[in-house]
Amino acid sequence: MSDIEELLGQVMADHDDEAPRAADLLRALAAAEAPAETWSWRRRRRLAVRGLAGRAGRARWLTSAAAAIAVAAVMIGSAWAGGLIGGRNGTRTGIHHTTRLAELTCPAKYRGVAPWVPARPAGIGGRSRLAPLRTPISAVVCGYLPNLRHKNLAGHLVGHALTRQRQLTGGLAALVGDLAWLPRLLPGQPIPCLTVLGPQSNYLIGLAYRSGGRIWVSTTADATGCVMTSNGDFTTFANVSAEAAKAVRTGRWPEPPQVVSCGSGGRLGQETVMVPAGSTSLTICAARVVRTVTSGFQGLVAALNALPARTSTRGCSSKPPFHGQNYQLEFGYPQGPAVQVRVSSYCYPAIDNLSLQAYSAKTILPLIEQMLRAS
Amino acid sequence: MDLDEALTVVVARDGDRLLRVGFQLTHDRAAAQDLVQEALLRVYSTVRRGGREPRDWYAYLRRAVINEFLRTRRLRSGAEVVADPLPEAPPAESAEGRVDDRAEVWAALGELSARQRAVLVLRYYEGLRDGEIAALLGCREASVRSLASRGLAAMRQLAMLAGVAGEGAT
């Protein structure tokens, strides 16, 4: 084999993780059946040009295929395929009975493929955040734990019937802090995801506001974290199912843990800049070292934010020498979750906050090492 | 298992792999998704009309993706975007220089004709033998060898023009 043939094979493999995922495809196929407000204009134009939308015979089996394939969304982590269809079907469930009441009641059934919500945000904005930075006057958590009557295509049990519900009597401020700051899933952002394994528990969180506004949030517990969290208008890859599970048992939303996580979480705003403004602490997590500083790290923030960035693929490819330093930077804020930034010396793109990636860390690594030496 | 169920399982099992082949052919995420989507819809229609499901769904869909790629490239006259620029280009003399070389090879692959690119993707990405590629493309094995040879020669030339190390090229 010649050098160019060998290099060609390697180059092709290098670009593997840039390909779209089946979840993207499912989303597009489901969108072919979705209502106007959920339809990408770009795709609509493209399909219209090709005559797909206008031909009745073809559109019929397109719809059929989309509907059939959308079922698989839960298996491979589609954020939208089921959610959009479910959201459309179930707009009257639950909320219909509660418009005159301050408290929302749980729908008897979780009627779609997760993330499904019984209604899109009403009377209050749900597009800029998963939930507003405003304390609700009431909150209900609904649990749909797996039962024997519902299985996904992999044969695992899925929760569809309401098994628990609880009006929250405490922790509403913590609930707001947890939901309002979750990062947005960027359009087209791939989520590396394995097939959903094991049982799947769905949760709905219903929030009612003094103004009469209402928001439902769907979050799902599954072993692989494939299913997104959404209010119908705003979707995040973050997950609050563990907190919801605790809340539905205790009646209180749990307080956030005050420990360094070194890797999990994410914060609204990290979709537009690597480290959003306002960070008050930095924890550097390395293989054997964890260091926290509360000053002297703004130069590092500026350097990270100055890098050219693109939408994160949440993956990287190792390059020779295939070893080196890996750091997890955790930028803390007075309110809301921390921003997590992975910095690697040998895996490219080398910098990743799960929403944005930058290719090279060569200007960043010396700054981190300098801070570790100084502390 | 009915067709809908079969297709659902196939997409869940092979969707990522088909999309990767589509991306290798088009070098563009949206185009790759369109390609696979269109291929799926065509196959769905064909199998539904014909009533017989293929024995090897993946091979059948891959053939549909390749055919769709060649068909759309024949119809399309405009130039295509080869690849997004790297967000931050490392200096040529740095330890990351090899990344530059690879980017040039990737770009050179995108400059080839649709049939040459299809042959190289099937041979070096999918690992098919020339006979299998010939059967898939509906041409003779000699044509496959010729397309591959001309494609590799063009890539060497493009890569050398771009300064990629071409020493040892055979």
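Residues numbered from 1 in each chain as written. Chains lettered and ligands numbered in written order. Predicted model: local features only at pLDDT ≥ 70, side-chain atom pairs only at ≥ 80, totals over all residues. Heavy atoms only, no water.

Asks: What should I look at first to understand the overall build of chain B in this one?
Replies: Of regular secondary structure, chain B possesses seven helices and zero strands. Helices (α) and strands (β) of chain B occur, in sequence order from the N terminus, as α-α-α-α-α-α-α. Burial statistics for chain B: of 170 residues in total, 51% are counted as buried. Pairs at least 24 apart in sequence give 66% of the contacts found in chain B among residues at least 6 apart. Total accessible area on chain B stands at roughly 8,300 Å², and carbon and sulfur atoms take up 48% of it. (Helix = DSSP H or I, 4+ residues; strand = E, 2+ residues; numbered from the N terminus. Buried < 20%, exposed > 50% of the residue type's maximum accessible area, 1.4 Å probe, protein only. Contact = heavy atoms within 4.5 Å. Areas by Shrake-Rupley, 256 points an atom, 1.4 Å probe, with all protein chains shown as cover.)

Asks: Can you help me understand the sheet that holds strand S12 (residues 339–344) of chain A in this one?
Replies: Adjacent strands of a sheet form backbone hydrogen bonds with each other and so pair up, either parallel or antiparallel. All names here are of chain A. Spatially, S8-S7-S11-S12-S14-S15-S9 is the arrangement adopted by the seven strands of the open sheet, whose pairing is antiparallel. Strands at the two margins of the open sheet, each flanked by one partner only, are strand S8 (290–293) and strand S9 (309–311). Bridge analysis of S12 against strand S14 (residues 351–352) gives two bridges, and the strand direction is antiparallel. What sits directly across from Arg342, in S14, is Asp352. With respect to the sheet, helix H9 (residues 298–306) is in contact with strand S7 (281–285), strand S11 (326–332), S12 and S14, its orientation differing from that of S11 by roughly 110°. Packed onto the sheet, helix H10 (residues 365–374) meets S7, S8, S11 and S12 and runs at close to 75° relative to S11. (Pairing = 2+ DSSP bridges. Axes fitted to C-alpha atoms, helices over the stretch in contact; angles between N-to-C directions.)

Asks: Please clarify how the state of the cysteines should be interpreted in this entry.
Replies: The bond known as a disulfide is covalent and runs between the sulfur atoms of two cysteines. Residue and element names in this part refer to chain A. Tallied over the full model, the rule gives two disulfides over all chains. Put simply, Cys106 and Cys142 are joined by a disulfide, and their sulfur atoms are 2.1 Å apart. Linking Cys106 and Cys142, the disulfide has an S-S dihedral of approximately -85° and is accordingly described as left-handed. Pair noted here: Cys106 is in the loop between helix H6 (81–89) and strand S1 (138–144) and Cys142 is in strand S1, with a separation of 36 residues, a long-range link. The disulfide bridge from Cys316 ends at Cys347, spanning 1.9 Å between sulfur atoms. In this structure the cystine formed by Cys316 and Cys347 twists about its S-S bond by roughly 95°; its chirality is therefore right-handed. With a gap of 31 residues between them, Cys316 in the loop between S9 and strand S10 (317–318) and Cys347 in strand S13 (residues 347–348) connect regions that are remote in the sequence. (Disulfide = S-S within 2.5 Å.)

Asks: Would you mind going over the environment of Thr220 of chain A with me for this structure?
Replies: Residue and element names in this part refer to chain A. Topologically, Thr220 is positioned in strand S4 (residues 214–221). Taking C-alpha positions, Thr220 is 7.3 Å from Asn239, a pair spaced 19 residues apart along the chain. Excluding residues that lie within four positions of it along the chain, Thr220 makes contacts with Tyr110, Ala114, Gln200, Ser201, Asn202, Val227, Asn239 and Ser241.

Asks: Sorry if this is basic, but what is going on with unusual backbone geometry here?
Replies: Glycine aside, residues mostly have negative phi angles, and peptide bonds mostly take the trans form. Cis geometry is found at the peptide bond from Ala114 of chain A to Pro115 of chain A, where omega equals 0°. Mapped onto the elements of the fold, Pro115 of chain A is located in the loop between H6 and S1. In this structure, the amide linkage connecting Tyr348 of chain A to the following residue, Pro349 of chain A, adopts the cis form with an omega of -10°. Looking at the secondary structure, you find Pro349 of chain A in the loop between S13 and S14. Of note in this structure, Leu354 of chain A is not a glycine but carries a positive phi near 80°. For His27 of chain B, which is not glycine, the phi dihedral falls at a positive 60°. Along the chain, the position of His27 of chain B falls in the loop between helix H1 (3–26) and helix H2 (29–50).

Asks: Would you take a moment to explain the packing of helix H5 (residues 114–125) of chain B against helix H6 (residues 130–137) of chain B for this structure?
Replies: When two helices pack together, their arrangement is given by the angle between the helix axes and by the axis-to-axis distance. Residue and element names in this part refer to chain B. Across the interface, H5 lies against H6 with an axial gap of 10 Å and an inter-helix angle of 135°. What the angle tells us is that H5 and H6 run oblique. Relative to H6, H5 is oriented so that their crossing is right-handed. Only Asp130, Ile133, Leu136 and Leu137 of H6 make contact with H5, whose side of the interface consists of Arg115, Val119, Leu122 and Arg123. (Parallel < 35°, antiparallel > 145°, perpendicular 65-115°, else oblique. Left-handed = near helix turned anticlockwise from the far one by under 90°.)

Asks: Got a minute to help me understand the pairing of S1 of chain A in this structure?
Replies: Regular strands show a simple pattern: their side chains alternate between the two faces of the sheet. All names here are of chain A. For S1, a buried count of seven out of seven residues is recorded, marking the element as mostly surrounded by other parts of the structure. When S1 meets strand S3 (residues 201–208), the two strands line up antiparallel, connected through seven bridges. Across the sheet, the residue bridging to Val141 is Ile205, located in S3.

Asks: Honestly, the environment of Tyr327 of chain A in this entry has me stumped. Any pointers?
Replies: Residues and elements named next belong to chain A. Summarising the element assignment, Tyr327 is placed in strand S11. Tyr327 sits in the buried class, given a relative accessible area of 4%. Here the alpha-carbon distance between Tyr327 and Thr283, two residues 44 residues apart in the chain, equals 10.0 Å. Not counting residues up to four positions away in its chain, the partners in contact with Tyr327 are Ile284, Cys285, Ala286, Val341, Arg342, Val343, Leu365, Ile368, Glu369 and Leu372.

Asks: Explain the packing of aromatic side chains here, please?
Replies: The geometry of an aromatic ring pair is captured by two quantities: the separation of the ring centres and the angle between the planes. According to the stated counting rule, one finds six aromatic pairs over all chains in the structure shown. When the ring of Trp57 of chain B is compared with that of Tyr60 of chain B, the centres are 6.5 Å apart and the planes differ by 90°; the resulting orientation is edge-to-face. In this pair, Trp57 of chain B and Tyr60 of chain B both sit in helix H3 (residues 57–75), three residues apart, roughly one turn of the helix. Through pairs of rings, three or more aromatic residues link up here, namely Tyr110, Trp116 and Tyr144 of chain A. The lysine or arginine in question, Arg267 of chain A, covers the ring of Tyr333 of chain A, its NZ or CZ lying 3.8 Å from the ring centre. Here Arg17 of chain B stacks its cationic end above the ring of Tyr58 of chain B, 3.8 Å away from the centre of that ring. (Phe/Tyr/Trp six-rings, centres within 6.5 Å; stacked < 30°, edge-to-face > 60°. Lys NZ or Arg CZ within 6 Å of the ring centre and 35° of its normal.)

Asks: How should the packing of H1 of chain B against H2 of chain B be read in this particular structure?
Replies: Residue and element names in this part refer to chain B. The contact between H1 and H2 brings their axes to 9 Å, and the two run at 145°. Considering only the axes of H1 and H2, their crossing is right-handed. Between H1 and H2, the contacting residues are Leu3, Asp4, Leu7, Val11, Leu18, Leu19, Gly22, Phe23, Leu25 and Thr26 on the first element and Arg29, Ala31, Ala32, Gln33, Leu35, Val36, Leu40, Tyr44, Val47 and Arg48 on the second. Counted by class, the contact of H1 with H2 contains 14 nonpolar, three polar and three charged residues. (Nonpolar A, V, L, I, M, F, W, Y, C, P; charged D, E, K, R; others polar.)

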